[in-house]
Amino acid sequence: MFEMCVVMTVMIMMAMLYGSETWCLRENEIENLRRTETAMVRAMCGAKPREKKRTKDLMEMLALKETVVQIAKANGVRWYRYVLGRDDGHVLRKSWSLK
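Everything numeric in this text was worked out from a predicted model, so none of it was measured. (Residues numbered from 1 in each chain as written. Predicted model: local features only at pLDDT ≥ 70, side-chain atom pairs only at ≥ 80, totals over all residues. Heavy atoms only, no water.)

Colleague: Looking at this structure, I do not really get the layout of surface pockets. What am I missing?
Modeller: Empty space among the atoms can be located by rolling a probe the size of a water molecule over them. Each pocket or cavity is described by its volume, and for the largest pocket that value is around 180 Å³. Every residue lining the largest pocket is counted, 14 residues in all, and those nearest its centre are Glu21, Thr22, Trp23, Cys24 and Gly76. Element by element, the count of residues in the lining of the largest pocket is highest for helix H4 (residues 68-84), at 6 residues. A breakdown of the residues in the lining of the largest pocket according to their chemical character gives 9 nonpolar, 3 polar and 2 charged. (1 Å grid on protein atoms, 1.4 Å probe; cavity = no way out; pocket = protein on both sides within 12 Å on 5 of 7 lines; lining within 4 Å. Points joined across faces, edges and corners; volume = space filled by probe spheres on them. Helix = DSSP H or I, 4+ residues; strand = E, 2+ residues; numbered from the N terminus. Nonpolar A, V, L, I, M, F, W, Y, C, P; charged D, E, K, R; others polar.)

Listed below in structure tokens is the structure:
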């Protein structure tokens, strides 16, 4: 199980979230991320849809601490801090203040 968790965290989640620093997530995109993550976690645990196992319990079993949505939102906050930390004359900072 530990190896699956490492593969999930390092490879799959990072590939799913590539470029998420600049995403503006809408509700439908958040739901798509949640559904995809749920399907992958259930497949890794071998849980059938008829089995009434909660995804949260399966994630705890795999030792996954954060969901894909939490990571994507944290990446967005990191990008925002990066833009605010730039010099006032930098292109990113200038574009932030456009009206």
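There is more to say, and it comes next.
Colleague: How do you make sense of a nonpolar patch on the surface when you look at a structure like this?
Modeller: On the surface, Val6, Val7, Val10 and Met11 cluster together into a nonpolar patch covering about 340 Å² of accessible area. Note on placement: methionine 11 falls in helix H1 (residues 2-16). (Patch = residues over 30% accessible without salt bridge, like charges linked within 9 Å, V, L, I, M, F, W, Y side chains within 5 Å. Areas by Shrake-Rupley, 256 points an atom, 1.4 Å probe, with all protein chains shown as cover. Salt bridge = Lys/Arg side-chain N within 4 Å of Asp/Glu carboxyl O.)

Colleague: Is there a simple way to think about the environment of valine 77 in this case?
Modeller: Its location among the elements puts valine 77 in helix H4. Residue classification places valine 77 among the partly exposed positions, given a relative accessible area of 45%. (Buried < 20%, exposed > 50% of the residue type's maximum accessible area, 1.4 Å probe, protein only.)

Colleague: Explanation requested: the nonpolar core in the structure shown.
Modeller: As a rule of thumb, nonpolar side chains are buried together in soluble globular proteins. Met13, Met16, Leu17, Ile30, Leu33, Met40, Val68, Val69, Ile71 and Ala72 form the largest nonpolar core, which has 10 residues in total. When residues of this core are assigned to their parent elements, the largest contribution, 4 residues, is made by H4. Among the nonpolar cores identified, the runner-up in size contains 8 residues, and Cys45, Leu58, Met59 and Leu64 belong to it. (Core = buried A, V, L, I, M, F, W, Y, C linked by side-chain atoms within 4.5 Å.)

Colleague: It is not clear to me how helix H2 (residues 27-45) should be interpreted in this structure. Could you clarify?
Modeller: Because each turn of an α-helix spans 3.6 residues, side chains separated by three or four positions end up pointing in the same direction. Look at H2: 27 Å from first C-alpha to last across 19 residues, which is about the 27 Å you get at 1.5 Å a residue. Along H2, the residues that are buried comprise Ile30, Leu33, Glu37, Met40, Val41, Arg42, Met44 and Cys45. A positive phi of about 75° marks glycine 46, the residue just after H2. (Expected span 1.5 Å × (residues − 1).)

Colleague: Explanation requested: the pattern of salt bridges in the structure shown.
Modeller: When charged atoms on two side chains of opposite charge get close, those side chains can pair. All told, the structure shown has 4 salt bridges when counted by the stated rule. In this structure, the salt-bridge partner of arginine 34 is glutamate 31, at a minimum N-O distance of 2.9 Å. Here the residue arginine 34 and the residue glutamate 31 both occupy positions in helix H2, the gap between them amounting to 3 residues, near one helical turn. Overall, the relative accessible area of 38% leaves arginine 34 in the partly exposed class. Glutamate 31 gets classed as partly exposed once you look at its relative accessible area, which sits at 32%. For the salt bridge of aspartate 57 with arginine 54, the shortest nitrogen-to-oxygen distance reads 3.8 Å. Judged by relative accessible area, aspartate 57 falls into the partly exposed class, the value being 37%.

Colleague: I would appreciate a short explanation of the side chain of arginine 42 in the present structure.
Modeller: Structurally, arginine 42 is set in helix H2. No salt bridge is formed by the buried arginine 42; its nearest oppositely charged neighbour, glutamate 51, is found at 6.1 Å. Other than its neighbours up to four places away in sequence, arginine 42 contacts Ala47, Lys48, Glu51, Lys53, Arg54, Thr55 and Leu58. (Lys, Arg positive; Asp, Glu negative; His and termini not counted. Contact = heavy atoms within 4.5 Å.)

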